[in-house]
Amino acid sequence: MPSSAVALAHPNIAFIKYWGNREETLRLPANGSISMNLAALWTRVTVEWEEREGEDHLIINGEATGGATLQRVSAFLDLIRQQSGLNARANMLSESNFPSGAGLASSASAFAALTLAATRAAGLELDSIALSRLARRGSGSACRSVPSGFVEWYAGASDADSYAVSIAPPEHWALVDLIAIVSAEHKAVGSLQGHALAPSSPLQAARLADAPRRLDLCRRAILTRDFEALAAVAELDSDMMHAVMMTSAPPLLYWQPATIAVMQTVRGARARGIAVCYTIDAGPNVHILCPESERSAVRALLEGLEGVQEVVESGPGEGARLL
Ligand code: PMV
């Protein structure tokens, strides 16, 4: 039985967003979601199980990490200790090639890689569905970083049927995500608390009622490589999630002036015939999607835009894998 393993996973950008849980403990989402893994960004996690007393040890990008982060990770590892019957502590090393807490979904890649490395090191050989279900318990969107390429997370009604599957491999569609970083600061309200606020918005019910229609439109747009259709539904879905955020109690407003400037620029460019759209997660940074053929035109639009500090670029990526 191996007692250590190394795995790598990519973060993902949702085209149809996950916002709100129907059940918090099992992290069953209020709606299904669809995303694309981001090849250029990754988190690599090494896990070694050691038979000793005390706490799990976690080093993130060279820094020993305790507090709430370690508590969350240890609670997640308890699920693996239960499944494997292992009574050991974990020594974990997590390294990412992008900043955490900047709305670039580091928890998705980190928990997907951790799930794979920790289960394998514990001697468990789980299939993609079982890994996705387990990763979901660490961070909802992490379940979408387990399968490859373009991915759909079925909301499900129980722990057993809430997981993500690949709907198309990365090479299916040469889409590019240009991430306009307008702030690299840690966000004030993370997604964990944000999900809990979603039901307090009077708009959440309407957002959820319309979700099956948006999921259909998005799935079809991906399968037929119809960028215009993807642009329409991805922007609508992002705007609906932010409308819920802005109208929850207390309200959440993640946008900065530069966020809106980028949104306007993208909309303007599309009106002029450039195939481009935006989508925004729980943060101020803007993900700008376009086909590979429009990449340099879109980059040129972003360069020189006030408030845009940096543009990080990625195409579609593989699923979580052992190294
Ligand atoms: O998986 P979490 O709890 O980090 O939630 C992700 C929430 C959004 O990024 C805003 C939307 C999504 O579907 O990725």
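Undergrad: Explanation requested: the packing of helix α7 (residues 227-246) against helix α8 (residues 257-271) in the structure shown.
TA: Describing two packed helices takes the angle between their axes plus the distance from one axis to the other. Axis separation between α7 and α8 bottoms out at 13 Å; the angle between their running directions is 155°. As far as their axial angle goes, α8 and α7 are roughly antiparallel. Between α7 and α8 the crossing geometry is left-handed. Residue-level inspection shows Ala 231, Glu 235 and Asp 239 of α7 in contact with α8, the latter providing Met 263, Val 266, Arg 267 and Arg 270. Residue composition of the contact of α7 with α8, grouped by class: 3 nonpolar, no polar and 4 charged.

Undergrad: Help me out: how do you make sense of the sheet that holds strand β14 (residues 286-291) in this one?
TA: Whether parallel or antiparallel, the strands of a sheet pair through hydrogen bonds between backbone atoms. Taking strand neighbours across the sheet as the criterion, the 4 strands line up as β13-β14-β12-β15 in an open arrangement whose pairing is antiparallel. With partners counted over all chains shown, the strands left at the sheet margins are β13 (277-279) and β15 (310-314), one partner each. Between one strand axis and the next, the sheet turns through 30° on average, direction left out of account. Packing against the sheet, α8 makes contact with β12 (175-181), β13 and β14, and its axis sits at approximately 150° to β13.

Undergrad: So what exactly am I meant to see when it comes to the site of the ligand here?
TA: Near the ligand you find 14 residues, and of these Tyr 18, Ser 141, Arg 144, Ser 191 and His 195 are the closest. At a separation of 3.1 Å, an oxygen atom of the ligand approaches a polar side-chain atom of Ser 139. Between Ser 191 and the ligand, the recorded distance is 2.8 Å, taken from a side-chain N or O atom to an oxygen atom. When the free accessible area of the ligand is taken as 380 Å², the share hidden by the protein chains comes to 94%.

Undergrad: Please clarify how the pairing of strand β6 (residues 43-50) should be interpreted in this entry.
TA: A regular strand carries its side chains on alternate faces of the sheet. Only one face of β6 is covered, namely the one carrying Thr 43, Val 45, Val 47 and Trp 49; the face carrying Arg 44, Thr 46, Glu 48 and Glu 50 has none of its residues buried. Where strand β1 (residues 4-9) lies against β6, 6 bridges are found, and the strand directions are antiparallel. Pairing of Leu 8 across the sheet is with Arg 44, part of β6. Judged from the 8 bridges that link them, β6 and strand β9 (residues 89-96) form a sheet pairing that is antiparallel. Among the inter-strand pairings, Val 45 is bridged to a residue of β9, identified as Ser 94.

Undergrad: So what exactly am I meant to see when it comes to the packing of helix α1 (residues 67-84) against helix α3 (residues 128-138) here?
TA: Packing of α1 against α3 brings their axes to within 9 Å, and their N-to-C directions diverge by 150°. With respect to each other, α1 and α3 are oriented roughly antiparallel. Of the residues in α3, those in contact with Arg 72, Phe 76, Leu 79, Ile 80 and Gln 83 of α1 are Leu 134, Ala 135, Arg 137 and Gly 138. Among the residues making up the contact of α1 with α3, the classes are represented as 5 nonpolar, 2 polar and 2 charged.

Reading the values: the criteria
- Residues numbered from 1 in each chain as written.
- Predicted model: local features only at pLDDT ≥ 70, side-chain atom pairs only at ≥ 80, totals over all residues.
- Heavy atoms only, no water.
- Axes fitted to C-alpha atoms, helices over the stretch in contact; angles between N-to-C directions.
- Helix = DSSP H or I, 4+ residues; strand = E, 2+ residues; numbered from the N terminus.
- Parallel < 35°, antiparallel > 145°, perpendicular 65-115°, else oblique.
- Left-handed = near helix turned anticlockwise from the far one by under 90°.
- Contact = heavy atoms within 4.5 Å.
- Nonpolar A, V, L, I, M, F, W, Y, C, P; charged D, E, K, R; others polar.
- Pairing = 2+ DSSP bridges.
- Near = heavy atom within 4 Å.
- Polar contact = N/O pair within 3.5 Å; in protein donor to acceptor, adjacent residues only side chain to side chain.
- Areas by Shrake-Rupley, 256 points an atom, 1.4 Å probe, with all protein chains shown as cover.
- Buried < 20%, exposed > 50% of the residue type's maximum accessible area, 1.4 Å probe, protein only.

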